[in-house]
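Reading the structure
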Amino acid sequence: MPSDQSTWIISVPESGDAEGLFHELQTKLCSTSKSFQPSNLAQLSIPSFKTGTLDSLVTLSEELPKHDTFFTATVAKTVDTLRNLLNNDPSKLSQHILVNEQPVDAYLLRGWSWNEGRYGVQRSLREMIDVLNKEMTSIDNVMKSKLSNYNLAKGSLVQMQRKKTGNLSVRSLVDIVRQEHFINDSEYLQTVLVAVPKNLVKEWNLKYERLTSMVVPRSSVLIASDDEYSLFAVVVFKRVHDDFVQKCRDNKFIVREFTFSEEAIDKQREELETADTTEKELWTELLQLSRTNFSESFQILVHLKVVQLFVESVLRYGLPANYIGFFIKPEPKTTKRTLATLQSQLSYLGRRANPDKLKGKSGGGTGQDEAVGEYQNLLEQEFFDFVLFEIPWIVL
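In this text, all values refer to a predicted model and were calculated from it rather than measured experimentally.

Quick notes on the nonpolar core
Counting residues in hydrophobic clusters, the biggest one holds 74 residues, and the most contacted among them are Leu 108, Phe 294, Phe 298, Val 307, Phe 326, Phe 327 and Phe 386. Sorting elements by how many residues they give to this core places helix α8 (residues 262-317) first, with 16 residues. With residues near it in sequence (within four places) discarded, Phe 326 still touches Trp 8, Ile 9, Ile 10, Val 12, Leu 21, Phe 22, Leu 25, Leu 41, Ala 42, Gln 43 and Leu 44. Counting residues in hydrophobic clusters, the runner-up holds 18 residues, among them Val 194, Leu 200, Trp 204 and Cys 248.

Next comes the structure, spelled out in structure tokens:
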């Protein structure tokens, strides 16, 4: 059963009346499902590719699903990158999930055509697939590199910003303390910063002068407070510094090791500003690249799907390799009805193609087993009287 979260592409042999078949399908689909809109069906012009040999087509049929998986994953990763950059905002995402500056549905259902300029049909199918794969691999590699660079820059910024968050027992003090909070250029005295839990502030005020000897009386100054801690500056003699620190720990007062330096403070602020600027620049660059590469990768994926459609059509219907195709966007609630309508309208194709033909008509034995093995991939596929592939929807 095809997915109800994808646009279907189907092909049938050219009968000389493509317009008539299109209108017949459109009328029938709309009449059997009131929710099916006429615009959800569009014609697909399948190019006349070079068919090559039967063996080469079978080989391509086996390989194409692997390329399909890789191409689909690359498109999905690009969408995920955009979603993460835009904080999973559907309205913003819809402004960037565009193909040639138009919504995906418009690209598929409003006159899609093969890009002859980039993928000339004079190439063999093998060359065509190699070109598509090379382009998609290039996009995937570029996206991985740019995303890695951005994640490193963002990680560095987050790490710096994290130092400015949290309570006063752990956060950076660069933007809190000032020159006047410290005694500088003293041979004997030293300023110590202490983060005191809010419930122990009263105890601190009573105890700090007596934690050790040689603490300067009335030197405790409140610098800042938050919901959990109050930060004090206290002056002690250098010779008792280590002992004072230990006594603070014993009383659950947290000493913050900090040496005031204008140069160090300026350097940290400059590093934060640089990290912030770099992250914003890389964010903008990655956003623009992801937008462009989504458009490019989605087009490449659709071109690969059309090649798949052609290859399977030749294997199904044989020569001449003249086929007409359709894009169908099913309504999720009526997918089964849409599929049943297609099967009913196109059931006449069953007389022309049947998977049993692939098994050969000779009596059992080794020859039949070898034929089944050669076409195993084709036999395992879900079979309809028409050839069908799916282009996954981009869910915003």
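Re the sheet that holds strand β2 (residues 41-45)
One key point about sheets: their strands pair by backbone hydrogen bonds, in either a parallel or an antiparallel sense. An order of β2-β9-β1-β10 is seen for the 4 strands of this open sheet, with the pairing classed as antiparallel. Both outer strands of the open sheet, β2 and β10 (387-392), are each paired with one neighbouring strand and no more. Across the sheet, the mean angle from the axis of one strand to that of its neighbour is 25 degrees, orientation sign disregarded. In this fold helix α1 (residues 18-32) packs onto β1 (6-13), β2 and β9 (323-328), with an angle of close to 155 degrees to the strand it touches most, β2.

Let's talk about the packing of α1 against helix α9 (residues 335-345)
The N-to-C vectors of α1 and α9 enclose an angle of 140 degrees; their axes lie 10 Å apart at closest approach. Our classification of the angle between α1 and α9 gives oblique. As α1 runs across α9, the sense of the crossing is right-handed. Residue-level contacts link Glu 24, Leu 25, Lys 28, Leu 29 and Thr 32 of α1 to Arg 337, Thr 338, Thr 341, Leu 342 and Gln 345 of α9. The residue makeup of the contact of α1 with α9, split by class, is 3 nonpolar, 4 polar and 3 charged.

Topic: the packing of aromatic side chains
Counted by the stated rule, this structure contains 17 aromatic pairs. Ring centres of Phe 70 and Phe 71 lie 5.8 Å apart, and the angle between their planes is 65 degrees; on these two criteria the pair is classed as edge-to-face. A centroid spacing of 6.5 Å and a plane angle of 80 degrees characterise the contact between Trp 112 and Trp 114, whose relative ring orientation is edge-to-face. There is no split in this pair, since Trp 112 and Trp 114 are both buried.

Description of the packing of helix α2 (residues 54-85) against helix α5 (residues 125-162)
In contact at an axis separation of 10 Å, α2 and α5 are set at 25 degrees when each is read in the N-to-C sense. Comparing their axes, α5 and α2 come out roughly parallel. Crossing of α2 against α5: the hand is left-handed.

Section: the pattern of salt bridges
In the structure shown here, the tally under the stated rule is 14 salt bridges. Across the pair Asp 140 and Lys 77 runs a salt bridge whose closest N-O atoms are separated by 3.0 Å. Of this pair, Asp 140 sits in helix α5 while Lys 77 is found in helix α2, placing the two residues 63 residues apart along the sequence. For the salt bridge of Arg 178 with Glu 180, the shortest nitrogen-to-oxygen distance reads 2.7 Å. Judged by its relative accessible area of 55%, Glu 180 is exposed. When salt bridges that share partners are traced, they join Lys 77, Asp 140 and Lys 144 into one network.

Scoring rules and cut-offs
- Residues numbered from 1 in each chain as written.
- Predicted model: local features only at pLDDT ≥ 70, side-chain atom pairs only at ≥ 80, totals over all residues.
- Heavy atoms only, no water.
- Core = buried A, V, L, I, M, F, W, Y, C linked by side-chain atoms within 4.5 Å.
- Buried < 20%, exposed > 50% of the residue type's maximum accessible area, 1.4 Å probe, protein only.
- Helix = DSSP H or I, 4+ residues; strand = E, 2+ residues; numbered from the N terminus.
- Contact = heavy atoms within 4.5 Å.
- Pairing = 2+ DSSP bridges.
- Axes fitted to C-alpha atoms, helices over the stretch in contact; angles between N-to-C directions.
- Parallel < 35°, antiparallel > 145°, perpendicular 65-115°, else oblique.
- Left-handed = near helix turned anticlockwise from the far one by under 90°.
- Nonpolar A, V, L, I, M, F, W, Y, C, P; charged D, E, K, R; others polar.
- Phe/Tyr/Trp six-rings, centres within 6.5 Å; stacked < 30°, edge-to-face > 60°.
- Salt bridge = Lys/Arg side-chain N within 4 Å of Asp/Glu carboxyl O.

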